[in-house]
Amino acid sequence: SATLYVVATPIGNVTDITLRALHVLSLVNAVACEDTRNTATLMGRFGLQKPLIAAHQHNEREAAETLIARLREGERIALVSDAGTPAVSDPGARIVDAVRAAGFRVLPLPGASAAVTALSASGLVNDQFYFVGFLPAKAKQRENVLSSLRAVTATMVFYEAPHRILDCAHALATVFEPRRQVVFARELTKMFEEIHRCPLAEAEAWIKADGHREKGEFVILLEGALPEDGENDAEADRVLQVLLAELP
Ligand code: SAM
């Protein structure tokens, strides 16, 4: 019966697609996707061909209407993005929201997500993490966002475009304590996968050490604030109070 399936797809290695995703993609009437060419290629790898409906960040509202009209006809529709889990730093949330509001069933199919994949192999304490996603592109705004995260104790998760990776590492090193651990998870599940962990102080040098590193896709994980960081603030405050009391 009429259902929207939210289907995660691989983030690099095509064999990471799930059996259930293939099953659902083979039974739906149409697939709503971020980029029809990408999705046609992915489905072609598995011998699947379906009507494709463009549903990207610039037409989500209209796409939602199209999908709802089809669901009213009793169709089953899959929603995918270019890579990983739809609606996570990807289009899809508005569509899901509209489809739910229209009263239709929404079924998620779990699968690859770059954030969770990076966390799983980082060795950082991951009982708590804070998903930041993409930072603003403008330096000032980026620094404001980072400054607001100084006291976060959970591991922070950032997505970054390759051409901004060096700027991002620089901004992190400016705002956070240099001894915090940072993990660069690059090209996950792909041929040139690299997962590198180092103190923030060494991050820029690591990126510059190999020209290839400013290419490819990155998840960046940053260790949360350590208990001592707060104590340092408290100690600084205490000293400040003592000094202020001495002022005439
Ligand atoms: N919806 C996707 C997910 O579930 O992870 C994220 C899509 S977002 C537009 C793309 C960003 O995800 C990239 O800029 C990068 O930060 C991260 N990413 C996607 N694939 C990756 C990979 N194979 N290795 C490292 N990072 C990746």
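Everything discussed here concerns the structure shown above.
The shown structure was predicted, so the numbers you read here are calculated from the model rather than taken from an experiment. Along each chain, the written sequence defines residue order, and numbers are assigned to residues from 1. Local features in this predicted model are restricted to residues of pLDDT 70 or higher, and side-chain atom pairs are both shown and tallied only at a pLDDT of 80 or more, whereas totals for entire chains, interfaces and linings draw on every residue.

Visitor: Mind laying out the overall build of the chain, listing which residues take part and the relevant values?
Guide: Helix and strand assignments follow DSSP, with helices taken as H or I runs no shorter than four residues and strands as E runs no shorter than two, numbered in order from the N terminus. Looking only at helices and strands, the chain has nine helices and 10 strands in total. Considered along the principal axes of its C-alpha atoms, the chain spans approximately 80 × 40 × 30 Å. The burial label depends on the number of other C-beta atoms within 10 Å of a residue's C-beta. Counts of 20 or more mean buried, 12 or fewer mean exposed, and intermediate counts mean partly exposed, with C-beta atoms placed from the backbone. Residues classed as buried in the chain amount to 30% of the 248 residues present. Note on contacts: residues are paired as contacts if their backbone-placed C-beta atoms lie within 7 Å. Within the chain, contacts between residues at least 6 apart in sequence are counted, and of these 73% link residues at least 24 apart.

Visitor: A description of the packing of helix H3 (residues 60–72) against helix H4 (residues 93–101) should follow, citing residues and the corresponding values.
Guide: Axis definition: a line fit to C-alpha positions, over the contact stretch in the case of helices; interaxial angles, taken between N-to-C directions, run 0 to 180 degrees. Contact pair H3 / H4: the axes reach a minimum separation of 9 Å and the direction vectors enclose 40°. Viewed along their axes, H3 and H4 adopt a mutual orientation that is oblique. Viewed along their axes, H3 and H4 form a crossing whose handedness is right-handed. Where H3 abuts H4, its residues Glu60, Arg61, Ala63, Ala64, Leu67, Ile68 and Leu71 lie against Arg94, Ile95, Ala98 and Val99. Broken down by class, the residue content of the contact of H3 with H4 amounts to eight nonpolar, no polar and three charged. An angle below 35 degrees is treated as roughly parallel, one above 145 as roughly antiparallel, one from 65 to 115 as roughly perpendicular, and anything else as oblique. Definitions for this section: a left-handed crossing has its near helix turned counterclockwise from the far helix by less than a right angle. A right-handed crossing has that turn clockwise. Ten residues, namely Ala, Val, Leu, Ile, Met, Phe, Trp, Tyr, Cys and Pro, are considered nonpolar, four, namely Asp, Glu, Lys and Arg, are considered charged, and the remaining ones, Gly among them, are considered polar.

Visitor: Kindly report on the site of the ligand, identifying the contributing residues and their values.
Guide: Using the backbone to place each C-beta atom, any residue with that atom within 6 Å of a molecule or strand is considered near it. In the vicinity of the ligand, 24 residues are found, and the nearest of them are Gly84, Ala114, Tyr159, Leu188 and Glu217. Residue composition of the shell around the ligand, by class: 11 nonpolar, seven polar and six charged.

Visitor: Now, about the sheet that holds strand E9 (residues 194–199): what can you tell me, with residues and values included?
Guide: Two strands are counted as paired when DSSP detects at least two bridges linking them. Taking strand neighbours across the sheet as the criterion, the five strands line up as E6-E7-E10-E8-E9 in an open arrangement whose pairing is mixed. Edge positions in the sheet fall to strand E6 (129–134) and E9, since each of these pairs with one other strand and no more. Each strand of the sheet is rotated relative to its neighbour by a mean of 15°, with strand direction disregarded. Looking at chain direction, E6 and strand E7 (residues 155–160) are connected through five bridges and run parallel. Counted as the bridge partner of Phe129 is Thr155 from E7. Seen against the sheet, helix H7 (residues 165–175) touches E7, strand E8 (181–186) and strand E10 (218–222) and runs at an angle of roughly 5° to E10.

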